[in-house]
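Listed below are the residues making up each chain.
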Amino acid sequence: MKIVVLMKQTFTTEARIELDGSGKPNDSKVKKVVNPYDEFAVEEAIQLVERKVAEKVTVVCLGPASAEEALRQCLAMGADEAVRVDSAGLEEADSSVVASVLAGAVKSMGYDLLLAGYVAVDDNAAQVAVRVAELLDIPQINVVSKLEVANGTATGWREADGRTEVLEVPLPALVTADKSLNKPRYPTLPNIMKAKKKPLEIKAPADFGINPPASKTRVVKYELPPPKSGAKIFKGTPAEAAAALVKALREEAKVV
Amino acid sequence: MSNDILVFVELQNGDIRKVTPQLVSAARPLAEARGGKLHALLVGEGIGELARKAATLGVDSVAVVEDPSLADYTAEAYAEAITQASKRLGAGALLFGNTSIGKDTAPRVAQRLGVGMISDVTGTISTGGNPIFKRPVYAGKAVTHVEVLESSFVISVRANSYPSAPAAASPAPIQSLAVAPDPSKIRTKVKEVVVRAAGKVDLTEADIIVSGGMGVKGPEGFEFLRPLAEVLGAALGSSRAAVLAGYIHPSHQVGQTGKTVSPSLYIACGISGAIQHKAGMSTSKCIVAINTDPEAPMFEIADYGIVGDLFEVVPPLIEEFKKLLHG
């Protein structure tokens, strides 16, 4: 069984966001990492190989050359091979475009199980993986906290609002990872060295016969939230402070 | 191209979800700008009563798809039913709540229709020409304005971002749509659904949230906060640290790896305010911080604060709210 993992390189969640001269987030000073949710997907894929359920893990990423660092990280965790689809000309592409390129790449690589994080922590859109599943015409189990794969089926425990759904789908299928799926490993030094020799291919969309379509949405502006001036602090005894707070919530904020 | 707009009416525990009238108020100006009608769509089985309830949402028409394949929710069956219904109604734009079901189904519908989608919308910038919507990115540390470039599109809307549309005086007409997913194309099997009794008020849709962190000092600390939540009709939230410490079930977790919430009032009790946590609640309209540490980062984003021990502050707070609300 062959597993393909969709991965995106993102800013760290601790990153301070600043806008550059053109009004876009300045990424030159920011540390970039494997999207944390994709890391759960990579870890799950590696564990399936270790349990002899799967034979091979390929990680694919649409991104610039700098994304190769994130792909090497996945290889150091234990993935077998990596593919970077070059994003030149697609820097501003929306989820529909990214999905069409990745779906084309995944289709020509071949796969039995497609894994991804359910969301990327930078754009928070949670669209690409599901769109890829739709393009490939495969079923999905989304936001999964536990996964079992056997006999050509995947069973996933999906965390939904106020309930857990246990879903079964035949392979090939997409499974997206929630945070509680596993604990991603830290690569060991020998594995980091080994990862340098593992195959990392660089492709263009055209190599998969894809001519990326035009974006259907466009970011026209980035804004930083206005800095808050700090809380109005109520002093006095707990009873006095509580009374003043409730009065402010009613008369100023008008929220109760 | 069609000018009509479709609002997906999500059903949960035998009722219409609270985000739905908010979707109606987001959709109405879009419909007016396009000169189109506003439809509400319900899918499921045995949902006639809920369709009658949806007729008073303030929409122009209600469409219902009922089929045994829709009795249990699956993304495959719902995406197919919604796509077919949308084509049948000739709707050009679709609105979903950014709920579990919205996140699971809306991108599939958008892809099936071949249209663009904007997720987790928190506001409308403009409705004329190409509509522009607002949405937070980078864990709430920036906001983007996103334009749809084609007349057909899908958006999913964060709960509590728009006011609820007032109920209509006279009910809208209801029509049953004879569309159904092809059962041979539904590959997903629902083996089991475990419903958690996480409290009466759904965290993501709650208007008020009382939330606890490490400062509550243990599971009994959350029991201490519960009467405050009850007097306010609020949901109970928590920080990640409190979940990891085993004080409360993970379903209460607010933050980057928990629920994203946007209530009108968020009362943070003994929560320091890690970036992780702020990512999930910084769009709350009014934030109150109660903490013994005056340097806690939560005070930086809070509107109001009390520097003090929550175990001393919360009891008089409950009394004050009781006087005010149930006086």
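Along each chain, residue indices are assigned from 1 in the same order as the chain's sequence is written. Key to labels: chains lettered from A, ligands numbered from 1, both in the order written. For this predicted model, a pLDDT threshold of at least 70 governs which residues receive local features, and a threshold of 80 or more governs which side-chain atom pairs are given and counted, while totals over whole chains, interfaces and linings are taken from all residues.

Caption draft 1: The domain arrangement of chain A, seen in detail. Domain start and stop points were drawn from an automatic or database domain assignment. Entries for chain A in the domain assignment read domain 1 (2–208) and domain 2 (228–256). Centre-to-centre, using C-alpha coordinates, domain 1 of chain A lies 46 Å away from domain 2 of chain A.

Caption draft 2: Representation of the interface of chain A and chain B. We call two residues in contact when their backbone-placed C-beta atoms lie within 7 Å. Opposite the 67 residues of chain A that make contact, chain B presents 72 residues. For the purposes of this entry, the term helix denotes a DSSP run of H or I that reaches at least four residues, the term strand denotes a run of E that reaches at least two, and both are numbered from the N terminus. When residues of the side of chain A that touches chain B are traced back to their parent elements, those giving at least two are helix 3 (95–109), helix 4 (128–136), strand 7 (140–150), strand 8 (153–160), strand 9 (163–170), strand 12 (217–223), strand 13 (232–233) and helix 6 (238–251) of chain A. Among the elements that line the side of chain A that touches chain B, the one with the most residues is helix 6 of chain A, at 10 residues. Should DSSP find at least two bridges between two strands, the strands are taken to pair. Here strand 13 of chain A runs beside strand 18 (residues 304–307) of chain B; their pairing, made up of two bridges, is parallel. What sits directly across from Ile233 of chain A, in strand 18 of chain B, is Gly305 of chain B.

Caption draft 3: Geometry of the sheet that holds strand 9 (residues 132–137) of chain B. Within the open sheet, the four strands sit side by side as 12(A)-10(B)-9(B)-8(B). Their pairing is antiparallel. With partners counted over all chains shown, the strands left at the sheet margins are strand 12 of chain A together with strand 8 (123–126) of chain B, one partner each. Averaged over all adjacent pairs, the angle separating strand axes in this sheet is 35°, with direction ignored. Bridge count between strand 9 of chain B and strand 10 (residues 142–148) of chain B: six bridges; the pairing is antiparallel. Each bridged residue has a counterpart across the sheet, and for Phe133 of chain B the counterpart in strand 10 of chain B is Val146 of chain B. All axes are obtained by fitting lines to C-alpha atoms, using only the stretch in contact for helices, and the reported angles, taken between N-to-C directions, cover 0 to 180 degrees.

Caption draft 4: Examining the domain arrangement of chain B more closely. All names here are of chain B. Taken domain by domain, chain B holds domain 1 (4–185) and domain 2 (203–326). The distance between the C-alpha centroids of domain 1 and domain 2 comes to 31 Å. Domain 1 puts 12 residues into the contact, and the matching count from domain 2 is 13 residues. Put simply, Ala, Val, Leu, Ile, Met, Phe, Trp, Tyr, Cys and Pro go in the nonpolar bin, Asp, Glu, Lys and Arg in the charged bin, and everything else, Gly too, in the polar bin. Per-class residue counts for the side of domain 1 that touches domain 2 are four nonpolar, five polar and three charged.

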